[in-house]
Amino acid sequence: MPQTLAAPVHSDLLIKKSRFIGCVQPMADRAGALEVVARLKAEHPGAAHVCWALLAGGQSAANDDGEPGGTAGRPMLDVLRHQDLEGVLATVVRYFGGVKLGAGGLVRAYTDAVAQALLGAEKVLLQRMTALRCTVPYALEGRMRRELEAAGALLGEVRHGAQVELNFQLPETQAPGLKARLDEAGQGRVGWLAPA
């Protein structure tokens, strides 16, 4: 089952006078990854390269940032895949130390920087979330909110019209049980709507 990371974790390696600063962190999409890479380039103006790899479903990508093709981004991506991760960005900032490492040396350096960071990473199971919407009479709003909180559901928008419309999310596997509990607590007065 795929996992993601609980929080960013860093590594710092010195290989033949070159410094490799690695980071692995949770990342949902390519737009967020590009923001992080741009920030790293601004924070490290003296760095020779800021290479990265993103494993996020259909938005996965790898970038060598000027290193010889296939020596940085792709090997970093392979490390993430080997660990069965999803929704993770790996970045490595390289300060060139004057000694060329060769293609094999670069591949080892970039994979080591990512692997070292992953050693200290806390991995969490990636849960598929599902969105649900329902309407209830005003008299049941408080009870429904308590049920949602007890189930650990993430309450989103609440609309007050003729009835109260509740929008919430929870792990896919818990949805059938929660719907049954809400139906029982609502005594047949819960109206289920198609997700927006």
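The preceding data block contains the structure.
Everything numeric here is computed off the predicted structure, so don't read it as measured data. (Residues numbered from 1 in each chain as written. Predicted model: local features only at pLDDT ≥ 70, side-chain atom pairs only at ≥ 80, totals over all residues. Heavy atoms only, no water.)

1. Re the sheet that holds strand E6 (residues 88-95)
Line of reasoning, step 1. Judged by pairing direction, the sheet is antiparallel, and its five strands sit side by side in the order E2-E3-E6-E4-E5 without closing on themselves. The strands lining the two open edges of the sheet, one partner per strand, are strand E2 (9-15) and strand E5 (61-63). The mean inter-strand angle of the sheet, taken between neighbouring strand axes irrespective of direction, is 15°.
Line of reasoning, step 2. Of the pairings in the sheet, the one linking E2 to strand E3 (residues 18-26) comprises seven bridges and is antiparallel in character. Bridged to Ser11 within E3 is Gly22.
Line of reasoning, step 3. Of the strands in this sheet, E3, strand E4 (49-55), E5 and E6 are in contact with helix H2 (residues 73-82), which crosses E4 at around 35°. (Pairing = 2+ DSSP bridges. Helix = DSSP H or I, 4+ residues; strand = E, 2+ residues; numbered from the N terminus. Axes fitted to C-alpha atoms, helices over the stretch in contact; angles between N-to-C directions. Contact = heavy atoms within 4.5 Å.)

2. Brief notes about unusual backbone geometry
Line of reasoning, step 1. Phi angles above zero are rare outside glycine, and Lys17 is one such case at about 75°.
Line of reasoning, step 2. Among the secondary structure elements, Lys17 is positioned in the loop between E2 and E3.
Line of reasoning, step 3. For Lys17, a relative accessible area of 64% puts it in the exposed group.
Line of reasoning, step 4. Located in the positive-phi region is Gln187, a residue other than glycine, with phi close to 50°.
Line of reasoning, step 5. Mapped onto the elements, Gln187 comes out in the loop between helix H5 (175-185) and strand E11 (191-193). (Buried < 20%, exposed > 50% of the residue type's maximum accessible area, 1.4 Å probe, protein only.)

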